[in-house]
Amino acid sequence: MASSAPFFLLFLFSISLLLTFSSAADPTFEFKFEVSYITASPLGVPQQVIAINNEFPGPVINVTTNNNVVVNVRNKLDESLLLHWSGIQQRRTSWQDGVLGTNCPIPPKWNWTYQFQVKDQIGSFFYFPSLHFQRAAGGFGSFIINPRADIPIPFDSPYGDIIVFIGDWYTRNHTDLRKDLDDGKDLGMPDGVLINGKGPYRYNDTLVPDGIDFENIEVHPGKTYRVRVHNVGVSTSLNFRIQNHNLLLAETEGSYTVQQNYTSLDVHVGQSYTFLVTMDQNASTDYYIVASARFVNESRWQRVTGVGILHYTNSKGKARGPLPAAPEDQFDKTYSMNQARSIRWNVSASGARPNPQGSFRYGSINVTEVYVLKNKPRVKINGKKRATLSGISFVNPSTPIRLADQFKLKDIYKLDFPTRPLTGSPRAETSVINGSYRGFIEIILQNNDTRMHTYHLDGYAFFVVGMDYGDWSDNSRGTYNKWDGIARATTQVYPGAWTAILVSLDNVGIWNLRTENLDSWYLGQETYIRVVNPEPNNKTELPIPDNALFCGALSKKQKPQDVSSSGSSINGNILKLFFTWVMFVCTTITIIQ
């Protein structure tokens, strides 16, 4: 009995240690994504579409603040792949961001596992393939981050969730679209607008052909739903509306908003909004869900309209009659800009944390760096039509920037992105913004193009503090909203106008700043912000992952086999530690005996 006592005590200690480790770690949720081509006919024409687990759109990732996310991706395409988590602020790691500046692509037929933690963040986001113009073929899906149970939300819990993907769509393959861009051609007018991967309901026998599958969303009368809307298209701003229903705006890209009703809202490429919609209409008929192109002046664009159906469970008939009208400001952008300015931060609401979001007084922080980034119509550089930002067309290096830093490689990129637009000839190069860790940067996005553009910054939520027509000047700061400007990751910049954002550079890594207009992004309208802690440690940036891929100048480091088993989850590390302890216990018991 005496010899069994130490064993029993060590056993109890081992179990308690395991429970301690398990409870201390945030939960981990694992997903398996098989990315492949399928044949679909969203606009009545069979074409190649990118699906995930044979789903288009792809499966929903639904997690909670501080959860760990593990996504094993099997690339069954015939070209390389990266998945990007748009708007997800991955604290302490840009290694999992899924863009060329930080990650080598996943080769065809290979597995690769993303592992990251969603930090102090809530909201409606989406993921998509970031390479080779693949987003134009699909591959996107919803990414929802819920608040922890002990954090209140600033509205009554909705009866249900509805996810709505809207976006312009071409019936040509994404490979043909990018070839057109490579050849210096414009993509031309899209062939339609999809709602959740489906074509328009046949509301008009002339404009819409027969036999197209449309989105039908069933709801219960009198209930309030949370409707999450994402524009995942190529380049077209869309006006979203639900016939006879108010859209109560509640959240956008991780920030609760001041709640106000809209009859329709412009959703620009890459943007996400959450509405609360109460099903308070009579059920004499179904109702139209509409996503129609904005800021276009061609009558042919009437064919490019997404139409779905909102169906009450007790509906007595089909939707009929004309679609609800879009705002009548085809040549006047003031209405849309005023609408955008009305979207403000709910500074009294809790976010992912117990303390109010408004405790972050961004308007009183001293700006340390100012960048004016100007977008102009495309130009020819070295005989090729390119898109530029401040006169520079970004060239992705064969070795990702973050890998080059990790292995101290030289001449991969330059830290010389100009603070003001170049005055000389445009050039194509790998020029990066040198951001100061814990600096507070002001970025003015000046759009001198004739098209609407949206811009996105990875790794951060920035404060949209001002927008107006004309050229920005120092005097424009007098119009800034320094109290409740919305914090988000994607903002629109109107043609002939500017938008000003403020960013607190507290997230170490290499972060992509780009236009979300897919054609201009493909042609080089992007850069990166490099944020480095001068005292490197694992508290501000996680080490390079065990399963990192290598390419370019580091390609010799890559093992030539499948990498699906390279990564280990956080739970796996806990188990390894536990079994190590068990081995220690067994050894100790042997010594005691």
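Here, the structure is the one placed above.
Every residue gets a number counted from 1 within its own chain, in the order that chain's sequence is written. Restriction of local features to residues with pLDDT of at least 70 applies here, the model being predicted, together with a cutoff of 80 or more for giving and counting side-chain atom pairs; totals for whole chains, interfaces and linings are based on all residues. Side-chain descriptors were evaluated using all non-hydrogen atoms of the structure, hydrogens and water having been removed beforehand.

## Comments concerning the overall build of the protein
- Per the secondary structure count, the protein includes 6 helices and 33 strands.
- Residues counted as buried form 57% of the 593 residues belonging to the protein.
- What makes two residues a contact is simply this: any of their non-hydrogen atoms within 4.5 Å. Long-range contacts, defined as pairs at least 24 residues apart, comprise 78% of the intrachain contacts of the protein with a sequence gap of at least 6.
- As displayed, the protein has an accessible area near 24500 Å², and 51% of this comes from carbon and sulfur atoms. Only runs of H or I of at least four residues qualify as helices and only runs of E of at least two qualify as strands under DSSP, and these elements are numbered from the N terminus. Between buried and exposed lies partly exposed: a residue is buried under 20% and exposed over 50% of the maximum accessible area for its type, with that area taken using a 1.4 Å probe on protein chains only. For accessible areas, the Shrake-Rupley method is used with a probe of radius 1.4 Å. Any residue's cover is judged against the shown protein chains and nothing else.

## Digging into the pattern of salt bridges
- Between Lys or Arg on one side and Asp or Glu on the other, a salt bridge is scored when a side-chain nitrogen of the former is within 4 Å of a carboxyl oxygen of the latter. With the rule as written, the count across this model stands at 27 salt bridges.
- Here R135 ties to E516 by a salt bridge, and the two come within 3.0 Å at their closest N and O atoms. Residue R135 is found in the loop between β7 (123–129) and β8 (141–146), and its partner E516 is found in the loop between β32 (509–515) and α5 (518–522); the two are separated by 381 residues along the sequence. We note that R135, like E516, is buried.
- Taking the shortest distance from any N to any O, the salt bridge between D186 and R378 comes out at 3.3 Å. Here R378 lies in the loop between β20 (369–375) and β21 (379–381) and D186 lies in the loop between α2 (174–182) and β10 (192–195), a separation of 192 residues in the sequence.
- Taken together, the salt bridges that share partners define one network made up of R135, D458, R514 and E516.

## Regarding the state of the cysteines
- To count as a disulfide, a pair of cysteine sulfur atoms needs to be within 2.5 Å. In the structure shown here, the tally under the stated rule is 1 disulfide.
- Note that C104 is cross-linked by a disulfide to C551, the S-S spacing being 2.1 Å. Disulfide C104-C551: the torsion about the S-S bond is -85°, which places it as left-handed. Here C104 is found in the loop between β5 (83–86) and β6 (111–117), whereas its partner C551 is found in the loop between β33 (526–532) and α6 (570–592), with 447 residues between them in sequence. Per residue, the accessibility class of C104 equals that of C551, and both read buried.

## Section: the sheet that holds strand β30 (residues 490–493)
- Strand pairing is assigned whenever DSSP detects at least two bridges linking the two strands. Strand order in the open sheet formed by 5 strands is β25-β33-β32-β27-β30, with mixed pairing between adjacent strands. Either end of the sheet is taken by a strand with one partner, and the two such strands are β25 (433–436) and β30. If you compare each strand with its neighbour and ignore which way they point, the axes differ by 25° on average.
- As judged from the 6 bridges shared by β32 and β33, these two strands associate in the antiparallel manner. Paired with W511 across the strands is I529, a residue of β33. Here an angle of 0 to 180 degrees is reported between the N-to-C directions of two axes, which are lines fitted to C-alpha atoms, with helices fitted over the stretch in contact.

## Overview of the side chain of T399
- Tracing the backbone through its elements, the reader meets T399 in the loop between β23 (392–394) and α4 (401–406).
- Classification of T399 as buried rests on a relative accessible area of 0%.
- Among all residues touching T399, those that are not within four sequence positions of it are A404, L409, I412, C551, G552, A553 and L554.

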